[in-house]
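Understanding the architecture of this molecule
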Amino acid sequence: MTMRLDYLSIFPGYFDVLDISLLGKAVDNGLVEVHAHDLRDWTHDRHRTVDDTPCGGGAGMVMKPDPWGEAFDGIIGIEPDPSVHVIFPTPSGIPFTQSAAQELSTVERVVFCCGRYEGIDHRVIDYARTMWTVHELSLGDYVLNGGEVAALAITEAVVRLIPGFMGNPESLAEESFSPGQERLLEYPLFTRPVSWRGMDVPEVLMSGHHGRIAEWRREESLLLTRDRRPDLTD
Ligand SMILES: Nc1c(O)cccc1[N+](=O)[O-]
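Residues numbered from 1 in each chain as written. Predicted model: local features only at pLDDT ≥ 70, side-chain atom pairs only at ≥ 80, totals over all residues. Heavy atoms only, no water.

**Considerations on the domain arrangement of the chain**
The domain boundaries assigned to the chain delineate domain 1 (3-160) and domain 2 (169-232). A separation of 36 Å is found between the C-alpha centroids of domain 1 and domain 2. (Domains from an automatic or database assignment.)

Written out as structure tokens, the structure is:
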């Protein structure tokens, strides 16, 4: 299966980065195909306007619905198709999780709609919900200037789970937040040299005693999780 990824943005250049590294390899291997689109290509005025003042007043500008609707018609089509997954990265979305990434890694078409300004006219999202499977997703409770960076993060989390992407798929199963894994943060990692700037690798890790090493790692994970993410152990 080849996953098609489309990105709608007024800054499509953000997605040039998808040509490098492992993601670039996935494109070369035919696992994914990537299309970035400039929303302004669906405007018709001299200034290629995509925003206007908010109805009801308030600060900032809101993205007009017309360019989005015409872009949807041109990129996705005018017939409803629930197999197309349309993602709006937004601070008001549901938290994006590894299980969501797992689910999205099995779909054939994903369209990212990257808002800017104060956001997108809500009718765009309402319209999309009548046509496709829509996900309003949040990466976290902080303010970004738009949805592009979030779209890249979601892309990386999803694409790396596509069968054939990772050389050793078994390694995915052991990662933090993977399905079936206990919800614990990963233990501290070390490699050579054993001594570095007066700090040594914990002796147990050099003991060759696998049982003790596993016990040490679990204890470290429990301590770290309890300290930093007690919510994971609820
Ligand atoms: N936080 C935020 C934002 O401020 C703008 C777009 C997307 C997100 N997000 O996905 O978390």
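On we go from here.
**Remarks on the site of the ligand**
Within the structure, the ligand sits among 13 residues, and S138, L139, G140, Y142 and L144 are positioned closest to it. Between the ligand and G140, the relevant distance is 3.4 Å, taken from an oxygen atom to a main-chain nitrogen or oxygen of the residue. Contact with the protein chains hides 95% of the accessible area of the ligand, taken as 290 Å² for the molecule alone. Judged by the fraction of its atoms near the pocket grid, the ligand is located in the largest pocket. Counting residues per element, the ones that place at least two in the shell around the ligand are β5 (84-95) and β7 (133-138). With three residues, β5 is the single largest residue contributor to the shell around the ligand. Grouping the constituent residues of the shell around the ligand by class yields eight nonpolar, five polar and no charged. (Near = heavy atom within 4 Å. Polar contact = N/O pair within 3.5 Å; in protein donor to acceptor, adjacent residues only side chain to side chain. Areas by Shrake-Rupley, 256 points an atom, 1.4 Å probe, with all protein chains shown as cover. 1 Å grid on protein atoms, 1.4 Å probe; cavity = no way out; pocket = protein on both sides within 12 Å on 5 of 7 lines; lining within 4 Å. Sits in = over half its atoms within 2 Å of the grid points. Helix = DSSP H or I, 4+ residues; strand = E, 2+ residues; numbered from the N terminus. Nonpolar A, V, L, I, M, F, W, Y, C, P; charged D, E, K, R; others polar.)

**Some points on helix α7 (residues 210-228)**
For α7, which comprises 19 residues, the first-to-last C-alpha distance of 27 Å matches the rise-based estimate of 27 Å (1.5 Å per residue) to within 8%. Of the positions making up α7, those classed as buried are I213, W216, S221, L224 and T225. Projected onto a plane normal to the axis of α7, the buried residues spread over an arc of 160 degrees and lie on a single side. Those residues of α7 that are exposed and angled more than 90 degrees off the buried face are E215 and R226. (Expected span 1.5 Å × (residues − 1). Buried < 20%, exposed > 50% of the residue type's maximum accessible area, 1.4 Å probe, protein only. Arc of directions from axis to C-beta.)

**So, the layout of surface pockets**
Gaps left between atoms are located by rolling a probe of water-molecule size over the structure's atoms. Empty space within the largest pocket amounts to approximately 490 Å³. P89, T90, P91, E118 and G119 are the residues nearest the centre of the largest pocket, which is lined by 26 residues in total. Listing elements by their share of the lining of the largest pocket, those giving two or more residues are β5, α4 (122-131) and β7. Partitioned by chemical class, the residues of the lining of the largest pocket number 13 nonpolar, ten polar and three charged. (Points joined across faces, edges and corners; volume = space filled by probe spheres on them.)

**A word on the sheet that holds strand β1 (residues 3-9)**
Within a sheet, adjacent strands bond to each other through the backbone by hydrogen bonds, running parallel or antiparallel. The five strands lie next to each other as β2-β1-β6-β5-β7, forming an open sheet whose pairing is parallel. The outermost strands of the open sheet, each flanked by one partner alone, are β2 (32-38) and β7. On average, adjacent strands in this sheet sit at an angle of 25 degrees to one another, irrespective of strand direction. Here β5 pairs with β7 via seven bridges, running parallel. Among the inter-strand pairings, H85 is bridged to a residue of β7, identified as T133. Contacts from α4 reach β5 and β7 within the one sheet, and its direction differs from that of β7 by about 135 degrees. Against the sheet, helix α5 (residues 148-159) makes contact with β1, β2, β5, β6 (109-113) and β7, and its axis sits at roughly 175 degrees relative to β1, the strand it touches most. (Pairing = 2+ DSSP bridges. Axes fitted to C-alpha atoms, helices over the stretch in contact; angles between N-to-C directions. Contact = heavy atoms within 4.5 Å.)

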